Structures are given as C-alpha cells and as structure tokens.
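Listed below are the residues making up each chain.
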Amino acid sequence: MITLEMILDWVAVVFETTEKELKSRSQKRSIVEARRVYCVAAIYAGFGISEVAKSVNRHHALMYNTIEYCIYQALADKEYRKKISKVIQTTNQHEKKKNSERIGIFCCAINAML
C-alpha cells in the first residue's frame, strides 16, 4: 500500500531536496515547486485534500490553487513537466486508486505533452 511518506520521499529524490524541507515553511522556489508536485501526486494516488495538506503543514484550501498552478507550470516548463511525470509514474507503479476527475485530466494532459 502506498503512503504519503513514500510519495514525499519520491518527490524529495526527484527535486533533490529533503522531506524536512518539504514540510517546512520555506518559500524557496525549488522547495515550493517540489511541495506542489507532492500535493498533486498524493491527491492523484487517492489521498484526501485535507490529509495531504496536513502532511506538509498547509491549509486544505491551498490545494486547489496548487493543482491549478501545476497545470499551468507544466504547460510552460518542459523540465517541470518531466519531474511531475516521473513522480506520477512512480506512484502508478505502486498502486492505482480512484482519482478525482480533475487530477485524472491533469495527468493525461501531462503525459500527452511528453
């Protein structure tokens, strides 16, 4: 069974950061981007928005903006798109759960862009 800690670890490896930094209040761009990808990947894996937000010490309302930002950033930045895809593919290899329609559409769009 996939856990939030597993996803956090995968994101930390892909973005070359640490789990501690992802959970911190840091506003450093690289950490914020990694945190956003973590949130999208965790929601994609079937975890609830509130649960994901709590795991990185954020308010659940930020998750909607996070998803939207990731979509636009992935459209504009090929390297960012590759990183998101790598995390999502790792998540897919471990377990598939029912995903929200919004995240499903997002992931299809990301894979189509590669």
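Predicted, not measured: the structure shown is a model, and the values here were computed from it.

If you walk through the whole model with that rule in mind, you get 3 salt bridges. Two residues, Glu5 and Lys23, come together in a salt bridge whose shortest N-O distance is 3.1 Å. Pair noted here: Glu5 is in helix H1 (residues 4-14) and Lys23 is in helix H2 (residues 19-23), with a separation of 18 residues, a long-range link. Notably, a salt bridge pairs Glu33 with Arg29, separated by 3.2 Å at the nearest N-O pair. Taken together, the positions of Glu33 and Arg29, both in helix H3 (residues 29-44) and 4 residues apart, correspond to about one turn of that helix.

As a further point, take the side chain of Thr66. Its place among the elements puts Thr66 in helix H5 (residues 62-76). Thr66 gets classed as buried once you look at its relative accessible area, which sits at 10%. Sequence-distant contacts of Thr66, defined by excluding residues within four places in its chain, comprise Arg36, Cys39 and Val40.

Here we come to the nonpolar core. Of all hydrophobic cores here, the largest spans 32 residues; its most connected members are Ile7, Val11, Tyr38, Phe47 and Val52. Within the residue set of this core, elements represented by two or more residues are H1, H3, helix H4 (49-55), H5 and helix H6 (78-94). Residue contributions to this core peak at 9 residues, all from H3. Those residues in contact with Ile7 that lie beyond four places of it in its chain are Ile2, Tyr38, Ala41, Ala42, Ala45 and Phe47.

Right, let's get into unusual backbone geometry. Its identity as a non-glycine residue notwithstanding, Glu16 has a phi of 55°, on the positive side. Of the residues examined, Glu16 reaches a relative accessible area of 73% and is grouped as exposed. Despite not being glycine, Asn57 shows a phi value in the positive range, around 55°. Its location among the elements puts Asn57 in the loop between H4 and H5.

Conventions adopted
- Throughout this description, residue numbers start from 1 for each chain and increase along the sequence as written.
- Local features in a predicted model are, by the rule used here, given only for residues with pLDDT of at least 70; side-chain atom pairs are given and counted only at 80 or more, and totals for whole chains, interfaces and linings are based on all residues.
- Values shown for side chains rest on all heavy atoms present in the structure; no hydrogens or waters enter the calculation.
- Each reported salt bridge corresponds to a side-chain nitrogen of Lys or Arg within 4 Å of a carboxyl oxygen of Asp or Glu.
- Segments assigned H or I by DSSP are reported as helices when at least four residues long, segments assigned E as strands when at least two residues long, and all are numbered from the N terminus.
- Here's how the labels work: a residue is buried when its accessible area is under 20% of the maximum for its type, exposed when over 50%, partly exposed in between, all with a 1.4 Å probe on protein chains only.
- Any two residues having at least one pair of non-hydrogen atoms within 4.5 Å are treated as being in contact.
- Nine residue types can take part in a nonpolar core, namely buried Ala, Val, Leu, Ile, Met, Phe, Trp, Tyr and Cys, and a core is a set of them joined through side-chain atoms within 4.5 Å.

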